[in-house]
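A closer look at the structure
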Amino acid sequence: MTSDDFSSARLSPRLDLKPSTSATVSAGPGPGPTPGDLLRRLRARGAGDPVTHVERVPARAGEPAPWPPWAPTELRAAFARRGVVAPWRHQAEAANLAYDGGHVVVATGTASGKSMAYQLPALATLLADPRATVLYLAPTKALAADQLRAVAALELEGVRPACYDGDTPRAEREWIRRHSRFVLTNPDMLHHGILPGHAQWSGFLRRLTYVVIDECHTYRGVFGSHVAHVLRRLRRQCARFGATPVFVLASATSGDPATAAGRLTGLPVTAVTEDASPRGGVTFALWEPPLLPPDSTAASAVPPQAAGDHDAMTDLVQVRRSALRETADLLADTVAEGVRTLAFVRSRKGAEVVAASARRALDDAVPGLGDRVAAYRGGYLREERRELERALLHGDLLGLASTNALELGVDLIGLDAVLICGYPGTRASLWQQAGRAGRSGQEALAVLVARDDPLDTYLVHHPEAIFGAPVEATVLDPANPYVLAPQLACAAVEAPLTPADLALFGDGAKEAIDELVAAGALRQRPTGWYWRHRERPEVDLRGEGGAPVCVVESATGRLLGTVDGGSSHFLLHSGAVYLHQGVSYVVDELDLADGCALVHVEEPDWSTHARDVTDLSVVSVRSYVDAGPVGMFLGEVDVTSQVVSYQRRRIATGEVIDTRPLDLPTRELRTVAVWFTLSPQSLAAAGVQPADVPGALHAAEHAAIGLLPLMATCDRWDIGGLSTAVHPDTEAPTVFVYDGHPGGAGFAERAYGTASAWLRATRDAIAECGCETGCPSCVQSPKCGNGNNPLSKPDAIRVLDVVLANLPA
């Protein structure tokens, strides 16, 4: 598979700022236009109407509840000082359940005050029992820092809240272990720091009363499966010290939150799902960028410096104006209107590009106004992140282009609009991002800007798939042997495993232990299974392909940021163009052994696009459906891939300058796949000529990958695919779609279980697209290793018609 490929051009501002408008903007955000007025102005800026649907989400009144009788006067007064007169009904319900000792998940909408549901019982217990402790887990450092500010602002004596994460100075860590009673951290630090050092944390763990797991819906796939076992390891250590903490979880609205929370914690969990908080109305628009004129080149479609980005590229000329450029223009327009706006962009580089393009357009209109816009993403240094958070909270910034690092519960007061550049993969994330606006109860605008791909195109023309469909259930699989075995090894380092631990770690634990013994990692003794090595096992919770790679400026030695190991082959290969805070760098050397990429500042007139090759073999079949000429299968596969070269292309025209070879190591993956086969006779009967079979299967594969996130809580970058006219293991025309994580992440199983609905939506997305031969909105893929060649749109529809006609519903 390859990275996305498209070239870029200068952003021409479409702003028409009057002096009075610029003066208002410079002074800071005022009342501003209503969401309806703002949307009308945005729609009128260009030719044609890009809005395919407007959904009005009505305002809702809140339902308060009395303070629980166990809530101490001191705590009520502290909340009153923060403007909280009484809890909402769902907050009180969840807090009562937790205070009574029940494990609970509160799964309500964005800005519904889920934090009070765990703060009430946790802080009440800390005030009543001077020895009790609380552990809070957040998926991001930004969210933990935000919650620290909220708890510290209550000014409760003796609570001593503190963040304990990778940014915490070592000098402070000992004090936190000894004195903090409300420790805020993340699963990574719990895994790498607290549990391995459980002896130093014994006093804290012995008195642990509550474990708070915030934004628990983010723990899905391989990451969620790892976190599930980290929590089991935590429960195991607490039990050794005589503690049985209550687990309180907070989640965005999701399907079956009790089951998902129970799978995550290994405990019975009660769900509170009726949201009783007030909500301002939301005007939610679906926005499809306009088609480009027939003579347009790729250069007219995209913003500057976008080339090379996974979410920004496609091999062929863009049929529609790019979502990145459209979002950049919308961000510039809303900032010019004095509207505080957050733009969510799917990739790190995309966030940089949107911010840089918006800044340039604003500075062209009103010099200096571009300083009110910035980018926010992972990989920034701690000081940069904190300063951006401060600037946004205090209104110094009017516009921010962010990755999903700011999707979660960071309390951003006073935002007026949210722009979502591309469907974020799940309805849960979509509503979570849209909910960042209007957090003070005011009216808000949310705009989903469709990318030129099958899923986004399908959604903006089928609004019922967004507004009329339930939110997805969170998918994780703690029994994944590629997760379970390394987690059991970590547990054995912390304390010898015993037969009593088998039930805690669930299905497959005994088999995984036997494999670890056979591999020489564990030694069985009468008292249990013991870890045999001096070093701890290296386990990456997030499944990102290894440790992060540092990006270092060659001339100065300055650390610019980091890139996850899984993306480094694509983004940091020798010769790659790398973008940081709007500045272009070219990679001099990628040292995988040392985890470091050396770069120098350069503004080349070309972009880079990595290429890889993929091979796949079937290991085993778990389940299958024999549907006559069609077969549907679920099983294990081995996938081998290697980045072998990269292209340099002119930014102005997209012209290929040259292709340069790369010598990077092969990557191997054993995972789970879903695949279907068709008989050659059925294809011939459907009118697919033998010479067109490869293009037909290839196009169907691309569209199927693009539409799978409609059925499963995944992103198209979580999955891969391969199609072939004759596969050696199936001896038939075959389309494979596989999970991009070792051992699988549950996505292929979901595809297999919903195969008819999934492939029906795929077929409809292709057939309803207005292009003639295929485009990024239907069958072209931004990550195709074959340059989107061959592809046959009409024959892909015929292939899917054969499958759907024979496959049982």
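Procedures and definitions
- Residues numbered from 1 in each chain as written.
- Predicted model: local features only at pLDDT ≥ 70, side-chain atom pairs only at ≥ 80, totals over all residues.
- Heavy atoms only, no water.
- Helix = DSSP H or I, 4+ residues; strand = E, 2+ residues; numbered from the N terminus.
- Buried < 20%, exposed > 50% of the residue type's maximum accessible area, 1.4 Å probe, protein only.
- Contact = heavy atoms within 4.5 Å.
- Areas by Shrake-Rupley, 256 points an atom, 1.4 Å probe, with all protein chains shown as cover.
- Salt bridge = Lys/Arg side-chain N within 4 Å of Asp/Glu carboxyl O.
- Pairing = 2+ DSSP bridges.
- Core = buried A, V, L, I, M, F, W, Y, C linked by side-chain atoms within 4.5 Å.

1. Some points on the overall build of the protein chain
For the protein chain, the count of helices and strands is 26 helices and 27 strands. Out of the 809 residues belonging to the protein chain, those deemed buried represent 60%. Residue pairs in contact within the protein chain that sit at least 24 positions apart in sequence constitute 75% of those at least 6 positions apart. Per element, the accessible surface of the protein chain, about 29700 Å² overall, is 52% carbon and sulfur.

2. Some points on the pattern of salt bridges
Considering all chains together, one arrives at 28 salt bridges under this definition. Its salt-bridge partner being Asp 49, residue Arg 43 comes within 2.5 Å of it at the nearest N-O pair. Accessibility expressed as a relative area gives 27% for Arg 43, which makes it partly exposed. Residue classification places Asp 49 among the partly exposed positions, given a relative accessible area of 47%. Here Arg 89 and Glu 274 are joined by a salt bridge, their closest N and O atoms 3.7 Å apart. Pair noted here: Arg 89 is in helix H4 (residues 89–99) and Glu 274 is in the loop between strand S8 (270–272) and strand S9 (282–287), with a separation of 185 residues, a long-range link. Residue classification places Glu 274 among the exposed residues on the basis of a relative accessible area of 53%.

3. Quick word on the pairing of strand S27 (residues 734–739)
With six of its six residues buried, S27 lies for the most part within the structure. Of the two faces of S27, both are covered, the one formed by Thr 734, Phe 736 and Tyr 738 as well as the one formed by Val 735, Val 737 and Asp 739. As judged from the six bridges shared by strand S26 (residues 719–724) and S27, these two strands associate in the antiparallel manner. Residue pairing in the sheet places Thr 724 in a bridge with Thr 734 of S27.

4. Describing the nonpolar core
Where a protein is soluble and globular, its nonpolar side chains tend to be buried together. If you look at the biggest cluster of nonpolar residues, it comprises 120 residues, and the most contacted ones within it are Phe 284, Leu 331, Leu 708, Leu 710, Trp 758 and Leu 759. Counting residues per element, this core draws most heavily on helix H23 (residues 693–707), at nine residues. Leaving out residues up to four positions away in the same chain, Leu 710 has contacts with Arg 427, Leu 455, Tyr 458, Leu 459, Ala 465 and Ala 761. Listed in part, the 38 residues of the second largest apolar core include Met 116, Leu 120, Leu 126 and Val 151.

Keep in mind these values describe shape, not function.
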